[in-house]
Structure formats: structure tokens, C-alpha cells
Amino acid sequence: MTSDAGLSREQVEDLVERARAGDRPAFARLVDEYQDKIYGYVYRMLGDAEEAEDVAQETFLRAFQSLPSFRGAASFHTWLYRIASNLSIDVARRNRRQNDGAISLDEPLASEEGDYGREIAYEGIGPEQLTARRETQELVRGAIEDLPEKLRAVVVLYELQGESYEDIAEILGCPLGTVKSRLFNARAQLKDKLKQLVEVGELEVEQ
Amino acid sequence: MTCKQVRRLLVSCWGEVEQLEAEAAAHLTECEECRREAEMLRLTHGLLREAKPEAAPEGFAQRVMAQVGEAEPTGASWYQRALGWLAPPAPTFGRLRAAAVALVLVLLLGGGVALYRGAVGPGNGFSGAGALVVGVPRDGASPGEAPIDFEALMLQHETLAQTQALSEDVGVHLVSYRR
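Trainee: How do you make sense of the overall build of chain B when you look at a structure like this?
Mentor: Looking only at helices and strands, chain B features 8 helices and 0 strands. Taken from the N to the C terminus, the helices and strands of chain B come in the order α-α-α-α-α-α-α-α. A buried classification covers 37% of the 179 residues belonging to chain B. Within chain B, residue pairs in contact and separated by at least 24 positions form 57% of the contacts whose partners lie at least 6 positions apart.

Trainee: What exactly am I supposed to notice about the environment of Gln57(A) here?
Mentor: With respect to the secondary-structure elements, Gln57(A) resides in helix H3 (residues 49-66). Relative accessible area serves as the criterion here: at 8%, Gln57(A) is assigned to the buried category. Taking the C-alpha atoms as reference points, Gln57(A) and Gln35(A), 22 residues apart in sequence, are found 9.1 Å from one another. Beyond its immediate stretch of four places on either side in the chain, Gln57(A) contacts Phe60(B), Arg63(B), Val64(B) and Gln67(B).

Trainee: When you look at the environment of His77(A) in this model, what are you seeing that I'm missing?
Mentor: Residue and element names in this part refer to chain A. Note that His-77 resides in helix H4 (residues 76-98). Through-space distance from the C-alpha of His-77 to that of Lys-37 is 9.0 Å; in sequence the pair is 40 residues apart. A polar atom in the side chain of His-77 sits 2.8 Å from the side chain of Glu-163.

Trainee: Help me understand the confidence of the model for chain B, please; the structure alone is not making it clear to me.
Mentor: Interpretation of this model should avoid reading the predicted coordinates in detail wherever pLDDT is low. Residue and element names in this part refer to chain B. When pLDDT is averaged along chain B, the result is 64, and 40% of the positions lie at 70 or above. For chain B, helix H8 (residues 164-167) is the element with the lowest average pLDDT, namely 43, and helix H1 (residues 3-12) is the one with the highest, namely 93. When the criterion is pLDDT under 50, residues 76-81 qualifies, and its contacts beyond four places in sequence or with other chains add up to 9 contacts. Residue range residues 113-147 is modelled with pLDDT below 50. Its contacts to residues more than four positions away, or to other chains, number 36 contacts.

Reading the values: rules and limits
Residues numbered from 1 in each chain as written. Chains lettered and ligands numbered in written order. Predicted model: local features only at pLDDT ≥ 70, side-chain atom pairs only at ≥ 80, totals over all residues. Heavy atoms only, no water. Helix = DSSP H or I, 4+ residues; strand = E, 2+ residues; numbered from the N terminus. Buried < 20%, exposed > 50% of the residue type's maximum accessible area, 1.4 Å probe, protein only. Contact = heavy atoms within 4.5 Å. Polar contact = N/O pair within 3.5 Å; in protein donor to acceptor, adjacent residues only side chain to side chain. pLDDT = per-residue confidence, 0-100.

Given below as C-alpha cells:
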């Protein structure tokens, strides 16, 4: 496995080795290299910039503190992702418990004919205030955030962060088959959510 | 080919009809519902591909390093090392690892719970029935109870709770905990 960031695998290994010995500038170079990946992932998992900053910072801090236990069996970037995953899934679960009672897109539609009376609860969307494209992106983000955490993690890692099945299995600590089945379910659920949005006229399909 | 079979294939290829085998493609020419499904999948995929990655905000790395400046690479505690040993990176060991981690959870938490039970006696709010419930004494617990290091226990729990995803396969659930 190679690092797909700008540094070569050898450079990463060298920096990790130095950081493990307490060399902070070496660790700072690693933070520079991986900050966008980790922040981008955590942001997509949590959907809140402030929370994403906290969790991404905590990821790097814990990584630094735990470096002595990193033995290079996994690549450094999957190891970082793994810390970020554990932290963000925990926070996302806690948020979900706190938000119990919010209207969910998961609720079934009332009838075949379409009693679409329920509200679609996306924070901060005022259709008039947003350009169409930005609004569409907000809807997509909302649909991703509406997925259960485990499916969300897989779809963000694979579809948005471009990680391989094998790396995702390592990051999430689950078998390859589980990654693939979660990805399948996540795609199907995302499609269903966007379909609902089209049906209620929140999203327009350009023909 | 049934609609259900065709739709499974459609999800796998994001509705790209050219990637379908002939039999499924033939089904699509006759089934409007499935064609609509394919279209929705292509739309969903297109929107996902448009989603721009969020870069770390200005000054993020500096803020991280300000925190790191005060920290030390401490190394792993004994239970982290144990988990590391139990959790080889190869994904093919997922199930085995889940079982091993679950066992550690049961031993650690079960031991702690048993200890607490022993200290305060039965009828203190623990329930069994296949789930582990971790109890934390309320503030102002009566004096004279055997000293239990709940903070240490909770610290272990917190680390282990992050492995909960692994333990779910074998039906171990950490039901609740309070700081």
C-alpha cells in the first residue's frame, strides 16, 4: 500500500519514526500532509464545521500520543482514518441520540398516492436564500448525514474520499464483504432519499 | 429476470446501463419503473461526484501543533496493547477479532461489574438478561463502601466503547455509561 498523499511512503515512514521519538516538526509535516483528508472525512461524517475541527484536532493529538503503539502494520493514513472514524462515529451516535424526535427522512411515505405532508428536516436550508446548485449540494449533504453512521462512513470513504475497499476494511475493522454490502445499502438508501426529494419537488432532475 | 434482480445490479453499477449484462439490459427496455430507478441512481452518483471535499480551515495545523506541543507520546496502556495484539490489521480476521474484543469487554467490564456488585450487594440497579449494563455510583454514595476506581474503569470502557462496532457481531452491547 502506498500513501496517496504527496509524500512518498519512505518519507512518511521516516517522519513517523522521527515523530515517535518526540520530533514535533516531523509530526507537523505529517499534519500538513493529512489535515485535508482527515478534516474532510470528519466534516462529512458530522456535517458541522466546529465539531469537525474538534474531532479532527483530537484525531491528530491522539495519533501523536499513541505513536509508540503504531507499528507500521497498517499504513499511517489508514491508521489516522481509523482514529478519526472511531471518534466521529461516537460523536455522530451521541448527536443522533440527542436529536431523537427530529423528523427523519427514514419515515415511510404515508401512501402510494403521496401524502407528503411531513417536513424534510435539513438545518439551515431556505430555498429562496440559496442558489440552486448550492441548495442541491446541501440536500446531498443532508441525505448523507441521514444515513446510519456505519453506512455513512463507508459511503464517505469510498465515494468522496476515494479510499479502496481494502483500506476501508482496515479503517473500520470489518471484513471486505461487510464493506461492500454496506456500500450497496448506502447507495440504495441515498438513491431512495433523493428520489423522495424529487417526488416532493425539493430536487429537480435536469433531463 | 425479475425487477428485484435487475435493481440489485443497477445499484452495483450506479445505474450505468452499458455495464449491465444483456438480460438485464433487455429487461430495462420493457420496464419503465426499472428505467426510472436507473435514472435516479445515475442522478445520485452524479450529485455525489459533484460534492467538493472540504479542506481543513485556515490555521488548523497550527492549532493542532499548539496542542501537540504540550503533549507527550505516551505509548499505549496495557489494555490498548492487548487490543492491538488482539486486532491484527488483516481484514480477514474481522470476525475472529470481534469475538476476541468482545471477550476482553466481557472480562474487563464483567470483572468490574462483579467487583461493584460484591461491594454494594445485590439489588443495586444492574440488570442481566444478555446485556452488560455498567453502573456508576451517584455522587454522595454512602461511606464505607469498598474503594472501586470507577474512573479507571470508565476510562477503559471509553476506549473499549470505540471498539463497540467490532463487538456487535457477537451480540455484546454496552448499554449505557455515565461519566
